Amino acid sequence: MQKVIVTGGTGYIGSHTAVALQNARYQVIILDNLSNSDTDSLDGIQRITGTKPEFIKLDCTNKDDMRCAFEKHRDAVGVIHFAALKAVGESVEKPLLYYRNNLGALINVLDMMQEFKIPCLVFSSSATVYGVPEQLPVTEDTPLQPATSPYGQTKVIGENIITDTVRANPQIQATLLRYFNPIGAHPSAEIGEKPNGVPNNLMPYICQAAAGIREYLNVFGNDYDTPDGFCIRDYIDINDLANAHVAALKHMQSGKHGINVFNLGTGRGQSVMELIQAFEGATGVKVPYKLSPRRTGDVPAIYANADRAEKILKWRANVPLNETLASAWRWQQKILKLK
Ligand code: NAD
Ligand code: WQD
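Described below are features of the structure shown in this document. (Residues numbered from 1 in each chain as written. Chains lettered and ligands numbered in written order. Predicted model: local features only at pLDDT ≥ 70, side-chain atom pairs only at ≥ 80, totals over all residues. Heavy atoms only, no water.)

**What to know about the pairing of strand β4 (residues 78-81)**
Neither face of β4 is open: one carries Gly78 and Ile80, the other Val79 and His81, and all of them are buried. Relative to β4, strand β1 (residues 2-7) runs parallel, the two sharing 4 bridges. The residue of β4 that forms the bridge with Thr7 is His81. Here β4 pairs with strand β5 (residues 120-126) via 4 bridges, running parallel. Paired with Val79 across the strands is Leu121, a residue of β5. (Buried < 20%, exposed > 50% of the residue type's maximum accessible area, 1.4 Å probe, protein only. Helix = DSSP H or I, 4+ residues; strand = E, 2+ residues; numbered from the N terminus. Pairing = 2+ DSSP bridges.)

**Structural notes on the side chain of Glu280**
When you line up the elements, Glu280 lands in helix α9 (residues 272-283). Judged by relative accessible area, Glu280 falls into the buried class, the value being 18%. Setting aside its immediate chain neighbours within four residues, Glu280 contacts Val285, Lys286 and Val287. (Contact = heavy atoms within 4.5 Å.)

**A few points about the site of ligand 1**
Around ligand 1, a shell composed of 26 residues is seen, among which Asp32, Asn36, Ser37, Lys86 and Tyr151 lie nearest. The backbone of Tyr12 places a nitrogen or oxygen atom 2.8 Å from an oxygen atom of ligand 1. Within the backbone of Phe82, one N or O atom sits 2.8 Å away from an oxygen atom of ligand 1. A total of 820 Å² of accessible area belongs to ligand 1 in isolation, and the protein chains cover 95% of it. (Near = heavy atom within 4 Å. Polar contact = N/O pair within 3.5 Å; in protein donor to acceptor, adjacent residues only side chain to side chain. Areas by Shrake-Rupley, 256 points an atom, 1.4 Å probe, with all protein chains shown as cover.)

That is the geometry; function is a separate question.
Quick look at the structure:
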């Protein structure tokens, strides 16, 4: 079996990708410092696939620990690099923490790939690199805008660091995946998103408000220049997103492709209110909400053109929104029972 090193693999997107990789017969080695996850996800992955991935607890910013792990798995065919801090607000308050963690980890990953001649990298980028786009939907050629937060900057700078490194080292190829808004859980409800404290993102907040953990959802802004006045995003199923990582890795293994960048979204925009209504329709559960002022820094509308991923990776988002929302709710109910 071919080995893949997955940094940040006990986290939300990493754990779903570990399932997709194992289903595609890759051997998964997870590196994570558990700063925003726990090892329960490893048990969940085992219950779904029958195999528990090897887990090495380490901080990717620690080069000695990274060298030990990479030395042990120097025959890996690729690295999928998820490990990063991702709270936009926190990054504004603690920019150095974000630059040190997210860029330090990335630089170590690239160093190790050079040292041990590991040929393929998949990097978690974000739609945040497009800032407030002038045209919708955004394609990969839409000009990038200055990022609005240090977190966003780490993605823009991370893309540049990788591009320069691949240029200088043609034996390494890389795929930059720009995620839109991943939501939902594995249909089995064995793994899902576990936000720490009060959620920043809409989907976990909707679930917690529906479950009565939060009194109501604050809907940020109803006076945007959009058809219903609410912000628009491209909400993509987490399992679809996970599968794209396998497609990206296989594509790199099929030849020499240098650097590639793909949008991962559904191509459809949903407003906050449409998402609330779709959730209520899919689950039969009411979401208590209140209209609130706009949240600083929010982009009014953004959704993907994901044609390039369809053409080159033969990947596209498939899971219907109501199934995604039902999976998010099943997972929410499951974590309530575990508490
Ligand atoms: P997550 O917090 O659930 O997973 C990230 C994992 O990385 C966690 O398990 C955390 O413990 C680990 N980690 C962080 N810093 C580390 C370090 N220095 N060393 C080792 N492990 C470390 O987040 P996620 O939603 O799964 O996001 C995965 C990646 O996707 C991140 O790079 C994130 O920026 C990116 N991304 C996420 C979204 C989203 O909406 N969830 C959107 C776009 C991009
Ligand atoms: C979605 C919509 C909010 C919470 C962020 C990061 C981005 C990426 C994904 C990592 C917006 C509205 C939200 C709430 C609300 N992360 N909302 N009430 O802002 O698109 O993207 O997460 O890379 O970089 O910026 O996602 O889920 O926070 O918000 O009304 O309590 O929901 O205003 O319109 P966002 P989100």
